[in-house]
Structure formats: C-alpha cells, structure tokens
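Structural description and commentary
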Amino acid sequence: MSNLDTAPTESTCPALDPTASPAPVTLSPREVPLGGPRAMSVRRTLPHRDIRTIGAWCFVDDYGPLTPADPPMAVPPHPHSGLQTVTWLLSGTVQHRDSTGGASVVRPGELNIMTSGRGITHSEYSAPDEQVRGVQTWVALPSHAMAAEPHFEHHADLPRVTVPSPTGADLTAIVFIGTFAGATSPAHHYSPLVGVELSAAGATEALLPLDPAFEYGLLALDDPVTVDGVALQPGDLRYLGWGDESLTLRVGGPTKVLLLGGEPLTEELLMWWNFVGRTHEDIAAARADWESGAARFGSVVGDPTERLRAPILPNARLRPRPGRRSVSDEDGAGTGS
Ligand code: MN
C-alpha cells in the first residue's frame, strides 16, 4: 500500500538508549484515511507518538476487512527506499508486482517481503468481492543495507510451531520473519528481528518465549486479548520493551494476534511518505529521483497504470526534539505504506 496523503509530514525515529527499556505501554490505533479515488482507512499503531519503532519495525497499518460495498484495494505504482515492506493477510488475496519483475498473489499464511534497498517500485491490487483483511508493516533497513540491490520474496511455506498451553487450546505460531520457539523463517532480513502470527483455536492462556535482547509489540487483531494481565482491545498494540524471557497471552476464544520484535535500533531514522532515510537530504533525493523518473526506482513490470506522484516535501527542515522517542511532528501521520 502507499500513502495517498497529499501533505505528509516527516517523522523521526530517534536512536534508543540501550541501557534502559521503556515501560510497557498500550498503543491505540489511529484511523488514517489513505485518501485518493479509492479511499480506504487503516488503523495505524506505528509510528506512534510514544513509541516510534519496535526493533526495526517502523510502520504498522492494520486494515479491513473490506466489505462487499467497498471498492477493492488498488494501489498504483509507487516507490519505496530504505525499507522492507512486509505484507501479511488474514483474509482475501492481493496481487503484487514490482520493478524487479517480482510478482505474486499473496494469501493468508503466506509472506510477501520486498526489500527496496536503494529503490523499488510496486503496485498492489486486491481481487473484487474479497473481504481483504491484513497488516502492512515496514522494516527499516540498517545503514549498511540502505543501498542494497532491490529484491522481492514470496514465501508460501513458512515454519509453524506449536506453543503448548497447560490450561487451554495450544497456540499455532507461523514464523514469517526471524526465529521464534526454535523455528526460523526463510525470509531475508538485515537486523535481528522477529514476526509471528499466533492463532488460538479456543480460549487459552500460554507463555510465549521471548529473546531478552529484543523489544516486542503484540497486536490484537479481531478480538480482545490479555497480555501480561493487561487487556487489549482489537487494534491495540501492546509495547513490551526488552529484557523479558516470556509474555503471558490469554484469549477468550478463537483469535489471532501478531507478535513483532527486534533488537532496539541504535540509528536514528527519518521517515517521509514511502521512504526511510537518515537525513532530510536522503528523503529529498528519493523524492526528486521518483519525480524525475530516475532509473533508481525503475517501473513496475506488467502494470501500465499511471504511477502515484509524490506529495510536496515540507519546506521546514527536520529538527528532532530532544529526548528519547521524541518526535518532530504530530504523529508521522503522513507516512505511507
Ligand atoms: Mn507500498
């Protein structure tokens, strides 16, 4: 997906002080209309005013389900740089095409992960009459991978592992990135990271194993859940900090949640529209290259649809405010997907 906001703002993600984990906090989603002729609203939990990133996860949009009255998702060719897009569906299908020739239809339980490196262009369309429901996330690339060769991966055969419960239904985990409970995803990533979908077939309580070096977030999808005794509403993302070896998840019936984690970032990021960089100049160059049709971004193979134009870049140069997790704008509302 892409940000169709006509006036996005820049958003900074300061590096962390690795000596002290932030306290756990619940991040409630905000509704962000993506705008455009096929308006669609998403529930965004990252970046958040209080927490900008979880490991290298820098963007979390939860969307759908589209109803039969909604037009299908249609995101024409648009660019990315400095990040990986991670597409995870709960229902429906989405057709992806990109400038490397990558193409796939992604389905629930499968992963589309696209590494933009220095630059890539892609488009995404859902099939008509499908009740598409999914989560679009981004992973910021570390500096050493910012100029990597762009590439696309589709993984239909991801590892599944059972998390036993002593008091209810076992949980099934699909590990789509990184390693969880001894199972490792084949997806390429560039910093210590994990992404897992957990499904409960019924009411249960279970201990999820964590890596103490990682900070984590747990996203409640369609039902209330309880994390370490704290109740979450659907759409809430519970930020857990780092240093823990497990968390306790309790659910009242069949449901799914996402667990995202990673080593805290030690680099400051700058996000604007569909780009992640380190400086205002990185962002300005990416925008100028996209608008001029530079070879850096290429064009989507097999999709002649007119591409999205970049919004106007704000004149004001970013000045991050002092302090951990501080922000330079209202909430990164203009960041895309
Ligand atoms: Mn996109």
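Going by the structure above, here's the rest.
Overview of the structure. For clarity, every value in this text was computed on a predicted model and none was experimentally measured.

The next subject is the overall build of the protein chain. Scanning the protein chain for helices and strands turns up one helix and 27 strands. The 337 residues of the protein chain split such that 57% are buried. When contacts within the protein chain are restricted to residue pairs at least 6 apart in sequence, those whose partners lie at least 24 apart make up 75%. Total accessible area computed for the protein chain in this model is approximately 12600 Å², and 54% of it derives from carbon and sulfur atoms.

To continue, consider the pairing of strand β8 (residues 94-98). Alternating residues of β8 divide into V94, H96 and D98, all buried, and Q95 and R97, none buried. Relative to strand β9 (residues 103-106), β8 runs antiparallel, the two being bridged by four bridges. The partner of R97 across the bridge, within β9, is A103. With antiparallel pairing between neighbouring strands as the criterion, β8 and β9 make up a hairpin whose turn holds four residues, including G101 at a positive phi of roughly 95 degrees. Of the strand pairs in this sheet, β8 and strand β11 (residues 120-126) are connected by five bridges, and their pairing is antiparallel. In the sheet register, R97 faces β11, and the bridge partner there is S123.

Another aspect to go through is empty space enclosed by the protein. Applying the stated criterion to the full structure yields three cavities of 30 Å³ or more. In this structure, the second largest cavity spans a volume of roughly 40 Å³. Around the second largest cavity sit L66, T67, P68, D70, P71, P72, A127, P128, D129 and E130, which together line it. Taken together, the residues of the lining of the second largest cavity break down into six nonpolar, one polar and three charged.

Bringing the side chain of R278 into the picture now. With respect to the helices, strands and loops of the structure, R278 is situated in the loop between β27 (275-277) and α1 (280-291). In terms of polar contacts, R278 uses its side chain to reach the side chain of E267, at 3.2 Å. Beyond its immediate sequence surroundings of up to four residues, R278 is in contact with L141, P142, S143, M146, E267, E268, L269 and L270.

To continue, consider the sheet that holds strand β18 (residues 193-200). Across the sheet, seven strands lie side by side as β2-β23-β20-β25-β18-β15-β14; this open sheet has antiparallel pairing. Every interior strand has two partners, whereas the edge strands, β2 (25-27) and β14 (160-163), have only one. The mean angle between the axes of side-by-side strands here comes to 25 degrees, regardless of whether they run parallel or antiparallel. Where β18 and strand β25 (residues 255-262) come together, eight bridges link them in antiparallel fashion. Its bridge partner being in β25, G195 is matched across the sheet by L260.

Now for the packing of aromatic side chains. As enumerated under the stated definition, the model contains eight aromatic pairs in all. Judged by centre distance (4.1 Å) and plane angle (15 degrees), the rings of F59 and W138 are stacked. Of this pair, F59 sits in strand β5 (residues 57-63) while W138 sits in strand β12 (residues 133-140), placing them 79 residues apart in sequence. The same class applies to F59 as to W138, namely buried. Taken together, the aromatic side chains of W272, W273, F275, W290 and F297 make up a single cluster linked through ring pairs.

Quick look at the pattern of salt bridges now. In this structure the tally under the stated criterion is ten salt bridges. Two residues, K256 and E197, come together in a salt bridge whose shortest N-O distance is 3.9 Å. On the criterion of sequence distance, the pair formed by K256 in strand β25 and E197 in strand β18 is long-range, its members being 59 residues apart. With a closest N to O distance of 2.8 Å, R296 and D289 form a salt bridge.

Omega for the bond connecting L46 with P47 falls within 30 degrees of zero, at -10 degrees, which places this linkage in the cis form. Position of P47 among the secondary structure elements: in the loop between β4 (41-46) and β5. A cis geometry characterises the amide bond from G64 onward to P65, with omega recorded as 0 degrees. Structurally, the position occupied by P65 is in the loop between β5 and β6 (74-80). For A181, which is not glycine, the phi torsion reads 50 degrees and is therefore positive.

Reading the values: the criteria
Residues numbered from 1 in each chain as written. Predicted model: local features only at pLDDT ≥ 70, side-chain atom pairs only at ≥ 80, totals over all residues. Heavy atoms only, no water. Helix = DSSP H or I, 4+ residues; strand = E, 2+ residues; numbered from the N terminus. Buried < 20%, exposed > 50% of the residue type's maximum accessible area, 1.4 Å probe, protein only. Contact = heavy atoms within 4.5 Å. Areas by Shrake-Rupley, 256 points an atom, 1.4 Å probe, with all protein chains shown as cover. Pairing = 2+ DSSP bridges. 1 Å grid on protein atoms, 1.4 Å probe; cavity = no way out; pocket = protein on both sides within 12 Å on 5 of 7 lines; lining within 4 Å. Points joined across faces, edges and corners; volume = space filled by probe spheres on them. Nonpolar A, V, L, I, M, F, W, Y, C, P; charged D, E, K, R; others polar. Polar contact = N/O pair within 3.5 Å; in protein donor to acceptor, adjacent residues only side chain to side chain. Axes fitted to C-alpha atoms, helices over the stretch in contact; angles between N-to-C directions. Phe/Tyr/Trp six-rings, centres within 6.5 Å; stacked < 30°, edge-to-face > 60°. Salt bridge = Lys/Arg side-chain N within 4 Å of Asp/Glu carboxyl O.

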